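Residue-level structural notes
Each chain, letter by letter, is given below.
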Protein chains: 2
Amino acid sequence: MQPPIAPALAGPFSCEEQAAVYRAIYSRRDVRSQFTQRPIDEPTLLRLLRAAHHAPSVGFMQPWNFVVIRSAQVKAEVKSAFGRANAEAAAMFPQELRSIYSAIKLEGIVEAPVNLCITCDRSRAGPVVVGRTHNHEMDLYSTVCAAQNLWLAARAEGIGVGWVSIYHEADIRTILNLPDHVVPVAYLCIGHVDELYEAPELEVKGWRNRLPLEDLIFAERWGLGAATVPAEERTSS
Amino acid sequence: MQPPIAPALAGPFSCEEQAAVYRAIYSRRDVRSQFTQRPIDEPTLLRLLRAAHHAPSVGFMQPWNFVVIRSAQVKAEVKSAFGRANAEAAAMFPQELRSIYSAIKLEGIVEAPVNLCITCDRSRAGPVVVGRTHNHEMDLYSTVCAAQNLWLAARAEGIGVGWVSIYHEADIRTILNLPDHVVPVAYLCIGHVDELYEAPELEVKGWRNRLPLEDLIFAERWGLGAATVPAEERTSS
């Protein structure tokens, strides 16, 4: 079927629909400890991957692939790579923080029924890509958008996702046989969850607080609050 | 108020709520031409920024800032930077594609009531960040998640978003006075929309088709289909 050429009506969602979208955004968590052993069935997994596949991508490049890992052997190899890197990571923190750091669980690789590596094929659409001519990292960013789409869809499905980022990239490349032109962007642990923290776990555990939103907003240029914008730069809207 | 320590119940959303989340994911578009002139009021903009601020971030780093641009002068400077880069971009395509490329509208900088630059402050949580010890780009990826959260919330609000990526980073740094440790990650054009394409504009206009999802999925390791996974790597789940 040819995609339709004419734009379609596109107003705001109903209040209930808006609330559902915001509920997914606010109640999404980075899950490490709450995975149940209930398997993820194929139709559900495909819904999550289809949500990822509908992320925005620079030049409609769709640079992603999805390596779905259910094998205990592959998980064990990744867990081992994490373990090596995490021991190095602990040593990078000041002495007084190391015992706190080591007590924080940072992955659920083995416990999660499914692991998923979302990769970026940097050659997917040829050497010149619309929108990637001046900022070459845009295809990596598109791949991150796919991960975030999946994460929010998973929350709506009652499925938790945890992003693992403590590994040497070379280890993941070797374990998953990734070609040189393919970058592992997001390594995700995925499984049903019955409970979630009401706030990010690192906040709950006192590692770091949420910053006040108003402190993060500038008007017109870096460092300017709304009140400090020169009058000639303000518009009536 | 202290964040609650105990995990909260977290099952799947209702069918209606799930449908709303998927509707946002599937009907989100990269908008260039459909912005109306209706201003975005402050409470609405704050809801979008709050959605962005609730993105996942490595080590709960929250590395983002939001530079909200409404000034015609700043928009004109960014539009000029885009124009320079886009002329260079057109020349990178093979001769036979240049006229097609030049006919595609790739930004709505001036037409959109609000422009928003989401930046990443790479020093936000000190030199050693939980989860960023081995993959230093993770804070940039967190910032992309913030952009995608905002994009989906905006769709639910009836607001369109277009990501502009054709510029020399140095130009954006200069225009917005960004400090050296701050990276412009997403430059977004934002405005109410009454209509949207039913499929991505680059697909509608014949530039590139959506890839079949099934061709993008591997099992266990790169290049393996589900049927080609060695038996010893398959698990019963």
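Quick caveat: nothing in here was measured; it's all calculated off a predicted structure. (Residues numbered from 1 in each chain as written. Chains lettered and ligands numbered in written order. Predicted model: local features only at pLDDT ≥ 70, side-chain atom pairs only at ≥ 80, totals over all residues.)

**Section: the overall build of chain A**
Scanning chain A for helices and strands turns up 7 helices and 7 strands. Seen along its three principal axes, the alpha-carbon backbone of chain A occupies a region of about 60 × 55 × 40 Å. Looking at the 237 residues of chain A, the share that counts as buried comes to 51%. Relative to all contacts within chain A whose residues are 6 or more apart in sequence, the contacts with residues 24 or more apart total 84%. (Helix = DSSP H or I, 4+ residues; strand = E, 2+ residues; numbered from the N terminus. Buried ≥ 20, exposed ≤ 12 C-beta atoms within 10 Å, placed from the backbone. Contact = placed C-beta atoms within 7 Å.)

**Examining the confidence of the model for chain A**
Summing up the model confidence of chain A, the mean pLDDT is 92 and the portion of residues at 70 or higher is 91%. In the model output, the complex is listed with pTM 0.94 alongside ipTM 0.94. (pLDDT = per-residue confidence, 0-100.)

**Brief notes about the packing of helix 1 (residues 15-27) of chain A against helix 5 (residues 138-156) of chain B**
In the contact formed by helix 1 of chain A and helix 5 of chain B, the axes pass within 9 Å of each other and the chain directions differ by 170°. Considered as vectors, helix 1 of chain A and helix 5 of chain B are oriented roughly antiparallel to each other. In this structure, helix 1 of chain A contributes E17, Q18, V21, Y22 and I25 of chain A to the contact, and helix 5 of chain B contributes N149, L152, A153 and A156 of chain B. By residue class, the composition of the contact of helix 1 of chain A with helix 5 of chain B is 6 nonpolar, 2 polar and 1 charged. (Axes fitted to C-alpha atoms, helices over the stretch in contact; angles between N-to-C directions. Parallel < 35°, antiparallel > 145°, perpendicular 65-115°, else oblique. Nonpolar A, V, L, I, M, F, W, Y, C, P; charged D, E, K, R; others polar.)

**Looking at unusual backbone geometry**
Residue and element names in this part refer to chain A. Of note in the backbone geometry, F60 takes a positive phi value of approximately 50° without being a glycine. Here F60 is to be found in the loop between helix 2 (42-53) and strand 2 (64-69). The backbone of Q62 sits at a positive phi, close to 45°, despite the residue not being glycine. By secondary structure assignment, the location of Q62 is in the loop between helix 2 and strand 2. A tally of 26 C-beta atoms within 10 Å means that Q62 is categorised as buried.

**What to know about the interface of chain A and chain B**
Taken together, the contact between chain A and chain B spans 109 residues of the former and 108 residues of the latter. Looking at which element gives the most residues to the side of chain A that touches chain B, the answer is helix 1 of chain A, with 11 residues. The pairing of strand 2 of chain A with strand 7 (residues 217-219) of chain B spans 3 bridges and is parallel. Looking at the pairing, V67 of chain A lines up with F218 of chain B of strand 7 of chain B. (Pairing = 2+ DSSP bridges.)

**Overview of the nonpolar core**
Of all hydrophobic cores here, the largest spans 152 residues; its most connected members are V21, A52 and I118 of chain A together with V21, A52 and I118 of chain B. In contact with V21 of chain B, not counting residues within four places along its chain, are A20, V21, A24, L152, A153 and A156 of chain A. (Core = buried A, V, L, I, M, F, W, Y, C linked by C-beta atoms within 7 Å.)

**Structural notes on the sheet that holds strand 7 (residues 217-219) of chain A**
Pairing is mixed in the open sheet, where 5 strands are placed in the order 7(A)-2(B)-3(B)-5(B)-4(B). Edge positions in the sheet fall to strand 7 of chain A together with strand 4 (159-164) of chain B, since each of these pairs with one other strand and no more. Sheet twist, expressed as the mean angle between neighbouring strand axes with direction ignored, is 25°. Relative to strand 3 (residues 114-121) of chain B, strand 2 (residues 64-69) of chain B is paired through 6 bridges, and the arrangement is antiparallel. Counterpart to V68 of chain B in the pairing with strand 3 of chain B is L116 of chain B. Together, strand 2, strand 3, strand 4 and strand 5 (182-192) of chain B form the strand contacts of helix 5 of chain B, whose direction differs from that of strand 5 of chain B by roughly 5°.

**What to know about helix 3 (residues 72-92) of chain A**
Residues and elements named next belong to chain A. With 21 residues, helix 3 should cover 30 Å at 1.5 Å per step; its first-to-last C-alpha distance of 30 Å lies within 8% of that length. The complete set of buried residues in helix 3 reads V74, K75, V78, A81, F82, A85, N86 and A89. The buried residues of helix 3 occupy an angular sector of 140° when the element is viewed end-on, so they sit on one face. In helix 3, those exposed residues whose orientation departs by more than 90 degrees from the buried face are A87, E88 and A91. Residues of helix 3 that are buried make contact with strand 2, strand 3 (114-121), strand 4 (159-164) and helix 6 (169-176). (Expected span 1.5 Å × (residues − 1). Arc of directions from axis to C-beta.)

**Some thoughts on the relation of the copies chain A and chain B**
Placing chain A over chain B gives an RMSD of 0.0 Å and needs a rotation angle of 180°, together with 0.0 Å of translation along the axis. A rotation of that kind, with that shift, is consistent with a two-fold axis. Among all residues of chain A, the minimum C-alpha distance to the rotation axis is found for V21 of chain A, at 2.6 Å. An overlap of 99% is found between the interface residues of chain A and their copies at the interface of chain B, pointing to a shared contact surface. (Least-squares fit on C-alpha atoms with pLDDT ≥ 70 in both.)

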